[in-house]
Amino acid sequence: MGQAAGCAGLMRQPYIDEDEAPETDKRPKIVRRLSLISGLVDTKGTDDLTKAGYSDDALSPEENRARGKMNCGVRTKKGFVPGNPGKVNQDRFVVKWGLQKRDDVSLFGAFDGHGPVGQEISQYVATNLPIYLENQENLLSDPKKAIMEATAKLCARLKVEKKDASRFSGTTAVFAIKIQNKIYTANIGDSRSVLCTRVGSDSFQSIALSEDHKPETPSEKKRILAAGGRVHALKGFYGPAGPERVWLKTQDIPGLAMSRSIGDGLAHTVGVLDVPTITEYEVSSLDKFVVWASDGVWDFMPNHEIGHFCSKYAPDMDAAAAAIVKRACSLWEKNEQVVDDITIVALQLHGLD
């Protein structure tokens, strides 16, 4: 959720079916606005990308060689806003097997666009990020530096090519480069990546590979206030409503619900950054699944549920992704009067035996 609009070590709870899953959030309903200027949201172009256009079965021989024994599934679903029947899906994703034509290097990610034309920004990033990363000669020798440099180049170019569109619109970005048995995860915003590792015969521990960038996080808030911004929730009739947001000093705009993003030129004048935080994780044989998803999944669905769905449907990760989207959507409908766009990339690293 963008404009007005990592739990590690949790065991999954045993339940039989996603429709029978326990209530995970009993907070009273809060009417959330996906955009403070939702009436200006572009309603042309893509509407629903439920099937996402990705399939392991449609890969080239080179891509299949890089995929090896891993399985990947993708689902993305347009949200719902009352009074806006023409709403478009602003989420995008990337799955790129065999980066730099190497069988042991691949890219995965999810991008949550927001603002009037947020889908333009998320699409730009999803299209161009693989190109910038492929051109990094230090991708293998210094992956973290390569990711930083590629992201900086991408963001600088976006500000030129999408100058007008990126003033009030932007996107999150959570993506990872898997190099052999290491996963380098980069995050900008409040999308999230979670890894599921096996503990015992039928349980999974969830490990957040990224940290959400929220305005209320003390270090992020300090930077925004020092840059002349304000941080507070929308002022509702009964008090603060929804998440804390970033505002200009003297104007109630843009109301960004994250402290880092790509694009969002106006918010960047008051301390919002497009610099990723990067983590490194060494994969073991017990690590079974990784997901990258927009906050449409995480706003109501806890990290620990991911292992249940992935293990239930594996090796069909497309079915697992579809089940997670269904579960997330049902939680939105129970808790809110709107439904955010929901996108997930689900990867099976190893078999369950």
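Source: prediction; values computed, not measured. (Residues numbered from 1 in each chain as written. Predicted model: local features only at pLDDT ≥ 70, side-chain atom pairs only at ≥ 80, totals over all residues. Heavy atoms only, no water.)

1. Here we look at the packing of aromatic side chains
Between two aromatic rings, the relevant description is the distance of the centres plus the angle of the planes.
Phase 1 of the analysis: Evaluation of the coordinates by the stated rule reveals 4 aromatic pairs.
Phase 2 of the analysis: Here the aromatic rings of Trp-97 and Phe-108 are separated by 5.1 Å at their centres, their planes lie at 85°, and the arrangement is edge-to-face. Of the two residues, Trp-97 is situated in the loop between β3 (91–96) and β4 (105–114) and Phe-108 in strand β4; the sequence distance between them amounts to 11 residues.
Phase 3 of the analysis: Given the relative accessible area of 3%, Trp-97 is considered buried. (Phe/Tyr/Trp six-rings, centres within 6.5 Å; stacked < 30°, edge-to-face > 60°. Helix = DSSP H or I, 4+ residues; strand = E, 2+ residues; numbered from the N terminus. Buried < 20%, exposed > 50% of the residue type's maximum accessible area, 1.4 Å probe, protein only.)

2. Focus on the sheet that holds strand β10 (residues 230–236)
Phase 1 of the analysis: Taken in spatial order, the 3 strands of this open sheet run β10-β11-β12, and their pairing is antiparallel. The open sheet is flanked by β10 and β12 (254–256), the only strands paired with a single partner. The mean inter-strand angle of the sheet, taken between neighbouring strand axes irrespective of direction, is 55°.
Phase 2 of the analysis: Here 7 bridges tie β10 to strand β11 (residues 239–247), and the two strands are oriented antiparallel to one another. When the bridges of β11 are listed, Leu-234 appears paired with Ala-241.
Phase 3 of the analysis: This element, helix α5 (residues 218–226), spans β10 and β11 of the sheet and lies at about 95° to β10. (Pairing = 2+ DSSP bridges. Axes fitted to C-alpha atoms, helices over the stretch in contact; angles between N-to-C directions. Contact = heavy atoms within 4.5 Å.)

3. Concerning the confidence of the model for the protein
Phase 1 of the analysis: A residue-level look at the protein finds 85% of positions with pLDDT of 70 or above and a mean pLDDT of 87.
Phase 2 of the analysis: Taken together, the stretch residues 5–49 has pLDDT below 50 and engages in 134 contacts with residues farther than four places along the chain or on a different chain. (pLDDT = per-residue confidence, 0-100.)

4. Things to note about unusual backbone geometry
Phase 1 of the analysis: Between Ile-253 and Pro-254 the backbone carries a cis peptide bond, its omega angle lying at 0°.
Phase 2 of the analysis: For Pro-254, the location among the structural elements is in strand β12.
Phase 3 of the analysis: Put simply, Ala-314 and Pro-315 share a cis peptide bond, and its omega is 10°.
Phase 4 of the analysis: Along the chain, Pro-315 turns up in the loop between α7 (306–313) and α8 (317–335).

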